[in-house]
Amino acid sequence: MSTVTPIIMPRWGLEMTEGTLSAWHVDEGERVASGQVIMEIESEKIANEVESEVAGVLRKIVVAAGDTVEIGTLLGVIADEQTSDEVIAEFVRGYRPVTFTDDGESETVPAAPTPTATSTPVQTGSVGDSHASPTARRLASRLGLDLSTIRGSGRGGRISAEDVKAAAASAEQREGEGEGEGEEGESRPVSAGESVAATPTARRAARRLGVDLSVVRGTGRAGRISVEDVERAADTGSSRPAAPATAVAPTGGSAGDAYDVVKLTTMRKTIARRLVASKQTVPHFYLSVELGMDALLEARAGLRDQGAEVSVNDCLLKACALALQDVPEANVQFHGEVLHRFRTSDVAFAVATEGGLITPVVRDAERKSLLELAGEVRDLAERGRTGKLAAEEFQGGTLTLSNLGMYGVDAFAAVINPPQAAILAVGRSGERVIVRDGQPAIGRVMSATLSCDHRAIDGALGARWLQALRQRVETPGDWW
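Along each chain, the written sequence defines residue order, and numbers are assigned to residues from 1. Totals for whole chains, interfaces and linings use every residue, but because this is a predicted model, local features are given only for residues with pLDDT of at least 70 and side-chain atom pairs only at 80 or more, for both listing and counting. Excluding hydrogens and water, the side-chain figures rest on all heavy atoms present in the structure.

1. Notes on the overall build of the protein chain
- When helices and strands are counted, the protein chain shows 10 helices and 18 strands.
- Residue exposure (1.4 Å probe, protein chains only): buried if accessible area is under 20% of the type maximum, exposed if over 50%, otherwise partly exposed. Looking at the protein chain residue by residue over its 480 residues, the buried ones come to 42%. Here a helix means four or more residues in a row that DSSP labels H or I, a strand means two or more in a row labelled E, and each is numbered from the N terminus.

2. Quick notes on the side chain of Thr83
- Within the secondary structure, Thr83 is located in the loop between strand E8 (74-79) and helix H1 (85-94).
- Using a relative accessible area of 3% as the deciding quantity, one classes Thr83 as buried.
- Throughout this description, a polar contact denotes any pair of N or O atoms lying within 3.5 Å of each other; where both atoms belong to protein, one of them has to be capable of donating a hydrogen while the other can accept it, and for residues adjacent in sequence the pair is counted only when both atoms sit in side chains. For Thr83, the side chain forms a polar contact with the side chain of Asp80, separated by 2.7 Å.

3. A short note on the pattern of salt bridges
- In the sections that follow, a salt bridge refers to a side-chain nitrogen of Lys or Arg positioned within 4 Å of a carboxyl oxygen of Asp or Glu. Counting across every chain of the model gives 15 salt bridges.
- In this structure, Asp294 engages Arg444 in a salt bridge whose closest nitrogen and oxygen atoms are separated by 3.0 Å. Here Asp294, found in helix H7 (residues 294-305), pairs with Arg444, found in strand E18 (residues 439-453); they are 150 residues apart in sequence, far enough to count as distant.
- Overlapping salt bridges, with partners in common, bring together Asp294, Arg436 and Arg444 in one network.

4. Side note on unusual backbone geometry
- Along the chain, Pro418 connects to Pro419 via a cis peptide bond; the corresponding omega equals 5°.
- Mapped onto the fold, Pro419 is located in the loop between strand E16 (399-403) and strand E17 (422-436).
- Positive phi, close to 55°, is recorded for Asp437, a residue that is not glycine.
- By the secondary structure assignment, Asp437 is in the loop between E17 and E18.

5. What about the pairing of strand E2 (residues 18-24)?
- Of all the seven residues making up E2, five are buried; the element is thus mostly covered by neighbouring parts of the structure.
- Strands are labelled as partners when DSSP assigns at least two bridges between them. Pairing between E2 and strand E7 (residues 68-70): three bridges, direction antiparallel. The residue of E7 that forms the bridge with Gly19 is Val69.
- Judged from the four bridges that link them, E2 and strand E4 (residues 37-43) form a sheet pairing that is antiparallel. The residue of E4 that forms the bridge with Leu21 is Ile41.

6. As for the nonpolar core
- What is meant by a nonpolar core is a set of buried Ala, Val, Leu, Ile, Met, Phe, Trp, Tyr and Cys residues, joined one to another through side-chain atoms within 4.5 Å. Grouped together as the largest cluster of nonpolar side chains are 60 residues, with contacts concentrated most on Met293, Leu317, Leu424, Ile457, Trp465 and Leu469.
- Any two residues whose heavy atoms approach within 4.5 Å are treated as being in contact. Residues in contact with Met293, not counting those within four places in the same chain, are Val312, Leu316, Ser429, Arg444, Val445, Met446 and Val473.
- One finds Ile38, Ile41, Val50 and Ile71 within the second-largest nonpolar core, a separate group that totals 17 residues.

7. What to know about the confidence of the model for the protein chain
- Of all residues in the protein chain, 79% have pLDDT values of 70 or greater, and the mean over the chain is 80.
- Values of pLDDT, ranging from 0 to 100, describe the predictor's confidence in every residue of the model. The low-confidence segment residues 177-194 (pLDDT under 50) makes 27 contacts with residues lying over four places distant or belonging to another chain.
- Residue range residues 239-255 is modelled with pLDDT below 50. Its contacts to residues more than four positions away, or to other chains, number 12 contacts.

8. Focus on the packing of aromatic side chains
- In summary, the pairing rule links any two rings of Phe, Tyr or Trp, Trp by its six-membered ring, whose centres are within 6.5 Å, and it sorts them by plane angle into stacked for under 30 degrees, edge-to-face for over 60 and tilted for everything else. Across all of its chains, the model carries two aromatic pairs by this definition.
- Here Phe91 and Tyr95 contribute two aromatic rings whose centre-to-centre distance is 5.7 Å and whose plane-to-plane angle is 40°, an arrangement assigned as tilted.
- A residue is classified by how much of its surface remains accessible, and Phe91, at 2% relative accessible area, is buried.
- What makes Tyr95 buried here is its relative accessible area of 8%.

9. Let's talk about the sheet that holds strand E1 (residues 5-8)
- Taken in spatial order, the four strands line up as E1-E8-E6-E3 in an open sheet, and their pairing is antiparallel. Each of the sheet's edge strands pairs with one partner strand only, and the pair in question is E1 and strand E3 (31-32).
- Of the strand pairs in this sheet, strand E6 (residues 56-61) and E8 are connected by four bridges, and their pairing is antiparallel. Bridge assignment links Ile61 to a residue of E8, and that residue is Gly76.

10. As for helix H8 (residues 312-326)
- An ideal rise of 1.5 Å per residue puts 21 Å on 15 residues; H8 measures up with 21 Å between its terminal C-alpha atoms.
- Judged by how many residues are buried, H8 sits mostly within the fold: 13 of 15 residues are covered. To estimate how far a helix should extend, the number of its residues minus one is multiplied by 1.5 Å.

11. Topic: the packing of H8 against helix H10 (residues 459-474)
- Axis lines are fitted to C-alpha atoms, over the contacting stretch for helices. Their N-to-C directions set the angle, which ranges from 0 to 180 degrees. At a minimum axis separation of 8 Å, H8 and H10 run at an interaxial angle of 130°. By the criterion of interaxial angle, the relationship of H8 to H10 is oblique. Handedness of the H8/H10 crossing: right-handed. Judged by residue contacts, Leu316, Ala319, Cys320, Leu322, Ala323, Leu324 and Asp326 of H8 engage Trp465, Ala468, Leu469, Arg472 and Val473 from H10.
- Side-chain classes follow a simple rule in which Ala, Val, Leu, Ile, Met, Phe, Trp, Tyr, Cys and Pro form the nonpolar group, Asp, Glu, Lys and Arg form the charged group, and the remainder, Gly included, forms the polar group. Counted by class, the contact of H8 with H10 contains 10 nonpolar, no polar and two charged residues. Here is the rule for angles: anything less than 35 degrees is roughly parallel, anything more than 145 is roughly antiparallel, 65 through 115 is roughly perpendicular, and the remaining ranges are oblique. With the far helix as reference, a near helix turned anticlockwise by less than a right angle produces a left-handed crossing, and one turned clockwise produces a right-handed crossing.

12. Details of the sheet that holds E7
- Overall, antiparallel pairing links the four strands, which are arranged E5-E4-E2-E7 in an open sheet. Because the sheet does not close on itself, it has two edges, and the strands there are strand E5 (46-51) and E7. Direction aside, neighbouring strands of the sheet carry axes that sit 35° apart on average.

This is the structure:
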C-alpha cells in the first residue's frame, strides 16, 4: 500500500493559532529527502525553515506561498511516484485539519483518510467557541456571520476559516441573486441618486461599522467595494472621497507613483494587535530619572581594553536584572486577579528587525557574568533579526529594556508588553553640567523612563525600583 504523508501548518508555542507559508523551497513533482528543507513558515515573530520528515515526492501543493492559514491545515502532500493522482486527490479532499490539545500536542489523525471519509455536521443550536477555530471566529465576526448557521468540516464538526469563507460566498451569491446584481457587480442604490458597486458582505460591514459606501474607494473589478475596502475606510476614519493621486504624486512622477501598498506581514499584524490591546487595556504610567553613567562607562572601557565585547546595553540589562532582585515586588507579571512573582530575573530586550520589533528574553540574567550575558545577548539578537528564535526564547520575562540611544534619541516612553508589568526606555548618554562634591562639573548622564502597569506596580514601588537601578548603574564596582 502506498503511503501518503501530509505536510501541515505546525504549531510553535501555545499562543500560535495561524502561520504564513512564506516560501516553498521545492516544486510540485520534485523529489525530497528526509531532513531536506522544503518550506519556510512565518508565525508572529519568528520565521523558520521546515524540513521534510520523510523521503518521497512533493506530489501536491495545497497552500500557495504567501497564504496565511490556521495551524493544522494541510499545506501539501508527499508520496511516492507509484501513488496515483486519484489517490492524492482523494486524500486532499478527505483530509481533516490536525487539532491541538491545550498542552500543544497534536491529536492523532490517520495518515491518509479513507475514500469514504465525510465531514461531521455541526450539532444544532448555538455553536460555542470550542466548535470553531480562532481564525474562523475572527473571520466570522469581521464578515458579520452567525457561526451557528455554518456547517463545519473539521473533526467533530469544528468550523474552519475555509468553512466561514464558503458560507460567506454562498450568502453573497444568494444576496446577489435576490438583489438583481448584474455580471459587473452593480448593486442597488444605497442613497438617493447614487448607485455603488459593492459586495453584499461589504454592505453588511458598512452598516455595522457606520461607513458611507458612497465615499469608499473600491479596489475590485470596475471599482467594486470589498469588505477590506470598508474596513480600511473605517480604520482611517475616511468621510469624503480621497484626493486624486496626482495631487500627491512626486514631482516628475505619475499618479501611480504616489504610494505603494505594502501588505502587512504576520509579525507586523501581531505587533499592531498587541500594541493596541496593551494601550487600551493596560493602565500605563511613567516615571523618569537621570542615570549617572561615568563609572559604568569607565568600567566598560576597561573591559574593552582587555578585548571583551561588552555593550552599554549589556551593562544596563545586567543592572536591570540585579535591581529586580533588590526590589522583588517589581519582578512580576500581571494575570487577571493574580500576580506571578518570579524568583529569577528574566529580562527581555528590544531588537529591531525588518518586520518589526522582537524581544528575546535573557533567563536568570542576575546569575550570569557580564561576559556570559553579553555573548547570549549577541546570539539572541542575531537570531532574532533572522527570524530563527524559538517561541520560548521571546516569551515570558517581567521587564523589557528598550534602548534607542544608538539612534540619537534623548528620551522616550515605551509600551508595555503584557503580561510583563514594566518596560524601561533609555536614550543616549551625553555630557551635562552636574553637581559633584558641591561644585559644578561635567558628567555623562542617561535619561531612563519606566512605563509601569498600575495594576501591578504603583508609583512608590516603581520609584523604589528606579532607585535600585540607579544605585546599580552608578556603582558598578559592587557587581562588576
